Each structure stands twice: as structure tokens, then as C-alpha cells.
Amino acid sequence: MIATYRLQLTPEFGFGEVREQLAYFRRLGVSHLYLSPITQAALGSTHGYDVTDHNMVRDEFGGREGFEALREAALREGLGLLLDIVPNHAGVGSHNEAWQDLLAYGPQSPNARTFDIDWNPPKEELRGKLLLPFLGRPYGEALDEGEIVLDYDEGCFYARYYDNRFRLSPASYGEILAALLPDLERQPGYFDLLELQGLYADLAMSEREKAEALKGRLGQDLAGVALEPALAHFSGERLHGLLERQYWRLAYWKTAGDEINYRRFFDVNGLVALRMEEQVVFWEAHRLLGELLLEDGVDGVRVDHVDGLVDPHSYLESLAALGAKHVWVEKILAPGEVLPEEWPVSGTTGYEFMNDVVRLLVYPGGESVLRQTYRRLLETVVPYRDEVVRCKRLVMETSLAGELTRLTNMLYRISEADYHTRDFTSTALRDALADIIAAFERYRTYLPFEREDAEEVLRHAVSEGKRLAQNTETSVHDFIFRCLSETFPVALEPTRQAFVGRFQQYTAPVAAKGVEDTAFYRYVPLAALNEVGGEPDHFTVELQAFHSRAHFREHRYPENLLATATHDHKRGEDTRMRLAVLSELAEEWQGTAERLDERAQRYWRESNRLGAPRISQRDAYLLFQHLLALWEGEQPKTLAPRLQAYMQKAIREAKEDSSWIDPNEGYEGAVAEFAHAIVHDEEVAAIVAPLAGDVARYGYFNSLSQQVLKLTTPGVPDIYQGSELLDLSLVDPDNRQPVDFGQRSTTLTQVSSAKDSWAKELAQWRESCDPRLKMLLLHRLLCFRREHPELLGGSYRAIDTDDPDSDEGAPTHLIAYSRESDQEQLLVIVPRYLAVLERSGGWRNKQLPIPEDLSGAGWQELLTLTSVEIDETVAIDSLPFLPAVLYRRKEAQTENIESSRGST
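Right, let's walk through the structure included here. Numbering of residues starts from 1 in every chain and runs along the sequence as written. Totals for whole chains, interfaces and linings use every residue, but because this is a predicted model, local features are given only for residues with pLDDT of at least 70 and side-chain atom pairs only at 80 or more, for both listing and counting. Only hydrogens and water are set aside; all other atoms, that is, all heavy atoms of the structure, feed into the side-chain values.

**What to know about the side chain of arginine 744**
Rules: Labels follow the DSSP assignment, with helices taken as runs of H or I lasting at least four residues and strands as runs of E lasting at least two, numbered in each case from the N terminus. Polar contact criterion, stated in full: a pair of N or O atoms within 3.5 Å, where within protein one must be able to donate a hydrogen and the other to accept it, and residues adjacent in sequence count only if both atoms are side-chain atoms. Residue contacts follow a heavy-atom distance rule, with two residues in contact if any of their heavy atoms lie within 4.5 Å.
Take arginine 744: it is sitting in helix H30 (residues 741–752). Side-chain polar atoms of arginine 744 contact the backbone oxygen of aspartate 740, separated by 3.1 Å. In this view, arginine 744 contacts Tyr24, Gly722, Glu724, Leu725, Val739 and Met775; residues no more than four positions away in its chain are not counted.

In C-alpha cells form, the structure reads like this:
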């Protein structure tokens, strides 16, 4: 596998549009197109993760016929396809027939085991019912205002709330038809309907087969009948009475956090979790995938949110049995964590590589100044680890409270069965659970697998949980540890195992919502570090650690994806590289930030007189960083709305001054006005422009280094759509904008037709930060990977780059390594910290010692195609281009040695 190219399919960019670009993707040099979900999703969905039918190719993309045409065309171009699958959840929209069947028949539906539902929740009124929190206001208000109405379509009656439809139980159709018949007396087929009404009146709620048989007859009898006037009889109290007799209960969406009784994807009410641990559910949901995996050109799958599954081990084994030869899991690894060894996977989707690269390029010497600046400009700074605990507690108390209640109830039943633990109250159990989960340092464990590792993680979480405990009684924490790690008596063991499964499924969404979607927007000393899977308080990674992880991938996961941008990233790969430069120009940033803060203070004093709220120092600091990163090359008329949209999302995710649950329009409006004002302020321009120019320039150099690291270290490079040129995007939806493939195709033609001897022109491109150079570098190295697969799958060797003339412990400005096969060698020299370097005199007299077996003649620099001879050391300023990727065949080395012996 050479490289993947991630495509975000949309109704406007489906299979036909992808097919039109296949020649471009082939010319670029990738081997596989990595498609976002292709299965049927909610109408108009721009991401595809709200799947409504796992066994149907999405109509809006071109359907099965369109997919087959794409697959065949891709094969002709030498391209394979990778499919993004969504096993954890489904969208609950009107077009999900399985969900609608569940609403109609409740526990009698064959889909009752498909969806993860608690039919026996603590609230007595909800037992045997499904809470549906989809109303935009309290139920009573929505009903009184006529927003909930009775609806009919093709043999089924529904309650409709704007675009949402909820199928009624056929056992209530008799009541509906009885109310409709007086208005239908003169309609043809009246007596047929009268007979049908009697059949429905005698229908029991459990008689699903009989009800389904009557459905076709009802559809035939009501065909062409104008029902709207008659249906209008059902409103207010009468409609309420009908709805009360359903298997579900409509509710205000804000009730979901406390009372929802189906497991969701994180806290999204419209995405219901699937019981994929049930084999019948697995095989039913993967019929289409099984068919596609048999076809030529469908070469692998990416599993979305593998941590949401109760048993990822068994799921992945079933996926392998289905025929998936290459599987990548979307998985965030904590520091020191690796994938479970038993998983039959090719690796992860590459979040860990993305974060390693940015921390490798963040200058450690700037950390103290950046932290000082942050503390100086903010009123208070909560330490990151404390902020994480606060944020995880927040989501457990609000949006994910219902799931915590469910866990607590399971634990309570276990504690009541033993006289040693029956004194534990529900409140004490809930508090202790929250303590342990707040202290959890990973997304989850995988018990009963990886037991030794899991128990170590759990033991640490329990220990920290005790420290966090707000009451002094901590024996309950020990009880929870036993429940998670020990086998119980036979009668209790099934309940304990179910609790362990639920616990492991719960820690993952708490981490995702509490850390990435909350803490990452509250703790922002250097926003480049606040990336999916990142550690914002861990500024840098040791070079040796980077090399060690590359070695690990070489031996264990040589096909692990290497991502630097994704559809989920917090900011684009080149935005991130610009922000990393602040670590090198920390003092300049400090001065700029202080001047921006002074300008902001004046703005707020003026706004205060007009009654506008003042925005927080933290939000302003986050805005200043992105203003600086995006300033160069962006016009105010486009920059202002992008920053406004970004800040609105950032504020709501932080959940302090506003939130998704309770938007503070006044505060958000004040931030939007402030963002617009500073973008168009001439004084701000004068403050920002000097540093922004340096940030853009050195960020560009970082981008080239990042590109080379991705394309030459062990693993499979993953290119996110459009990032062949500069990717200065922000968080979604900014990172999912349509891509101008015409522009990229034209640029590729320009760079691929260039002459062999053009080192001077390339140097000019580099100095002018021409984005074409990024594409050229990508194109050349992708083509090289295609032509030399054994070399790029060969051994990885780190080369010592420490400068003996530098102070002890000073970070090196070079990253160097070799890749080798039996016949070939690749030598890679990547620069970093160029802003710091240029201030200290540049590369003058900088020498890199080279291992003896890599010295000699026969090397060719791949970008400029210049011949290079290497002695025992390389003078960095003598290299034709930097970053340098040098290639030679080993016989050239042998010939050089023999020639030297002959002359001697």
C-alpha cells in the first residue's frame, strides 16, 4: 500500500464526482481512496456517520450502481478503495425502517435486540417505553402549539414533529380509524375501512405479524383519500391520550442527559448505539460489507469509534472472518498505550503520529515563556490535569448523566446482593464511580482481555479517584475495583460482567466529551497541541521517543496510517504548523499578545459603555492565536466570518460562558463583534502583521518537514482531501469545505512537468513559501514510494543528530534516519526550529556525522534530482535542498568502495 487519500463524500460530491477525479489521484501518486461512509444516512447528511441502513449504498451518492461504476473505474486507474464503516451506532431518523419498526412494536420488534435500550429504567413512568428527546421545547408547550401532529404514509400512522416522524403502534390504529370514519363516510371503500377498523380494534400490541399483514390492506384502502382534515381532530388532550399508549414518549431534548434510556453515540440524541456484540446483529448489519469485500478493488476498512463497542476483540475477529484483510481502527492512544496485541488490525488511523509530529516541531526552549504569557494575560489558570477532571465531571453531571445513573443502578444491584456491601448507598456508589472515571487516564480498558494492563490502569484510577473523593469514605472505591477486576459468585457474575462492559463503554465518551470537546477549549497556552489525541500540557516529544515509535511501527504495524489532517481535526495541518512557530518566537509572541490585549481592553471599555458583555481573557487569547496563524494570505472579508464561526464553536465546547445546551446569544454576539472588529482594525493589523509574516514563513518550513516525515517513516501516509496545497482550515465544518480539484490538477501538471535541473527555481519557491512546493514534494515522494515499495517497507534506523558543539541538553535542529532494503538505501535529513536557527547564524559550519555504511557516492537528492557525495559528515548548507531525501542503490556504494581501493 503506497498511500491513502481521504475523501469526504457529500450529496454534492458523490461517486460520479469522485470518478471524474480518478486520473488526478493516480497522477498524484496515491494507491487508495479512503472514502467516508457510503451507506444510507440521514437525508442531506454531510458526514455520513448518521447511518440509517447499513446494508444500502447511499442514494444521494449514486447508489450501488454508482459505487460499482466508481470501483471499476478506480481499478482501471490502478486505485483501490478503503471503506469507512460505522458499527457502533445508527441514525434514528424518519428513514431508518428498523428504528421505526421498534417504535411501532417495542420489545416485540425483531429490532429490539439491535438497539441498545434499557426497557426497565429507574423512572417508573418510562418502564417499557423509549424516551425520545427530540422536542425543541417542553412537551406540553409543543403539543398545545400544534407542533406535534398526527400523520399518515403508506399504511402507517405517525406522530410528526417538523421533519421528525415517530411510528405509532398498530394497536392504536383502531382508535384512529374510529375517529376518522365519520369524515370518510362518503369516500369509496368506506365499508372496507369500517371492517378494517374492527380488525385493528381487536389487535393486541404483541400481534406484530397480524399487524404487518394488515398494513398493505390499510395502504390500499386509504390510497388517494384526503386524510388531513380528519387527522386534525387529533390535537391537544386527545392526541396526548393517543401518544400515551405508545411504546415511546416524546420529550424536550434537554431531558436527555438525565432520563434517556437508550445508549447514544457520545451525547448525540439522534445516534442510537447498536448491540454489535450480538452475533445476529453483527451479521445482519454487515451483509453489504461482506458483499463488497468480495469485489476486486475493495481492499480494507476503517472502523469508526471502535471504543464504543462492548467487545472490540470479538467484533474485529468477526470482521476478519467476514473477509476484511486490512482493518484500521479509529482509536486514541494514551501516552504509553499500544493497541491490544490480539486485535487483527493493520493499525490505527494515525492520530498518535499527528501529535508526535507537532510536538517534535514545537521548540522546547519556548515553553516557559509561552506558559508565562498565558498566565500573565489570563485572570486565573487552572492546571490542565485539574481542568480535565472538572470537565469530565461536568459531562457526567449533564449530558451523560443518564448513562451514569444506569451504571450506578447496576452497581447498586450487585452491592445489595452481599451483606458486606449492602450499606453502600446509591449516592455513594454514583459519586465513587464519577471519581474513578474522572481520574481515568485512557479512553477505556478491554476486559476480560489485556487483564494485567487493565488492572494496572484501573488500580491507578481508583487510587486517584480516592484522592478526588469529596467524602472521606473510600471503601466503596475498593468495591468498584473488585467489581471490575474479580470474578463473583455464579449468580452475580452475569450482572458483574454486564457492568464491566457498560463501564468500559462509558469511560470513552466521557473522555471524548470531557477532554477533547471541553478541556481542549479551556486550556489553550499553545493551541497547536490541542489536537485529537493530544496532550496540551505536554509541549514536546523527545527525538528518541519519536524514533522508538517509528521502530515499533516498522516491526508491529508497518501499515499503520500516518495522518496529519482528518475530518475530525481541530485545525488544519498547516494551521497547526504555523501555531507551532510561536514556541520559537515566544518572546515576540508575548509582546504581540500583550499589545493585542491592550487594544482589546480599550475595545471592551468602549463596548462596556454600550452595555455589551466583555469576553473572557481565555477566549480572547485563543482568538489571538488563530488570528495570527491565519492572517497571512487571508482577506479580512473571509477571515472574519471564519474566526467568528470558530469562536462560536469554541465557546460552546468550553461550556462556561455559553454551551450547546444553553446558548448565551449575548455573549456569543459580543465575541462575534469583537472578532469582526479586530480583523478590520488597522491598529491590530500593524500589531499582527510583522509576526504573522514570520509565523507563516517558518510554519511553511515546518509543513515541508511534516510532509517528509509522513512520507518516509514507517507506515502508510494518509492525505486528507485538499491538503496537497496549504491546509489552513479550522475545526469542522471549516475543514470539510468543497475542494477545488481543478486547481490542484492544474498545479500538479505544472510541478510534474518541471525540468530535472531546477534546484535554483525550487530554492526560490521555498523562499517565497510557494504552496506548489508542498504538492511537488508530496508528488515526488508518492511516486518514489510506488517505485520502491521494498525500500519504504524496509528497516528504519535513527541517526544521531546531536551537535557536539552545542550546550549539553540543547535540542538538535535536525531529524535524521535511514530506510534500507537488501538493494537500496534512503537517507532522510529533516530540519526543525529554523526560526531559532536563523537567529544563531543558520547552517554555517553545521555538520551531521554519517554512519560509515551510508557514506560515499551514488546518492541522488529526490526533489532536485541532484547527485550528492557524502563523506563521514554532511555539511548541511551543502545539501541541494532541505529537507533532504537522498536515495541510492547499494551497488553504487560497493562500486565506490572498489574504486577507492583501486586508486589506493
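Moving on from the coordinates now.
**Some words on helix H20 (residues 451–468)**
As a reminder, the rule being used: Expected helix span is taken as 1.5 Å per residue step, with the number of steps being one fewer than the number of residues. Relative accessible area decides the class of each residue, using a 1.4 Å probe on protein chains only: under 20% of the type maximum gives buried, over 50% gives exposed, and in between gives partly exposed. Picture the helix axis, draw a direction to every C-beta atom, and the arc is the one those directions span.
Helix length check: H20 (18 residues) gives 25 Å between terminal C-alpha atoms against 26 Å at 1.5 Å per residue, within 8%. When H20 is considered as a whole, its buried residues turn out to be Ala454, Glu455, Val457, Leu458, Ala461, Val462, Gly465 and Leu468. Within H20, the buried residues cover an arc of 160 degrees as seen down the axis, which keeps them to one side. Opposite the buried face of H20, at more than 90 degrees from it, the exposed residues are Glu452, Glu456 and Arg467. Buried residues along H20 sit in contact with helix H17 (384–397), helix H19 (426–438), helix H21 (475–485) and helix H22 (493–516).

**With respect to the packing of aromatic side chains**
What counts, and what does not: When the centres of two rings from Phe, Tyr and Trp lie within 6.5 Å, Trp using its six-membered ring, the rings pair. Their planes under 30 degrees apart give stacked, over 60 give edge-to-face, and anything left gives tilted.
In the structure shown here, the tally under the stated rule is 38 aromatic pairs. Ring geometry for phenylalanine 282 and tryptophan 283: centres 4.9 Å apart, planes at 85 degrees, overall edge-to-face. For phenylalanine 282, a relative accessible area of 1% translates into the label buried. For tryptophan 283, a relative accessible area of 38% translates into the label partly exposed. With 5.1 Å between their ring centres and 50 degrees between their planes, tyrosine 603 and phenylalanine 674 make a pair best called tilted. Of the two residues, tyrosine 603 is situated in helix H25 (residues 586–609) and phenylalanine 674 in helix H28 (residues 665–679); the sequence distance between them amounts to 71 residues.

**With respect to the pattern of salt bridges**
Our working rule: What counts as a salt bridge is simple: a side-chain nitrogen of Lys or Arg found within 4 Å of a carboxyl oxygen of Asp or Glu.
Taken as a whole, this structure holds 78 salt bridges when the rule is applied. Of the charged contacts in the structure, one is a salt bridge between arginine 393 and aspartate 435, with a shortest N-O distance of 2.7 Å. Linking arginine 393 in helix H17 with aspartate 435 in helix H19, this pair joins segments that are 42 residues apart in sequence. In this pair, the class of arginine 393 matches that of aspartate 435, namely buried. Here the salt bridges share partners, and the residues they tie into one network are Arg113, Asp116, Asp118, Arg263, Arg275, Glu277, Glu278, Arg406 and Arg502.

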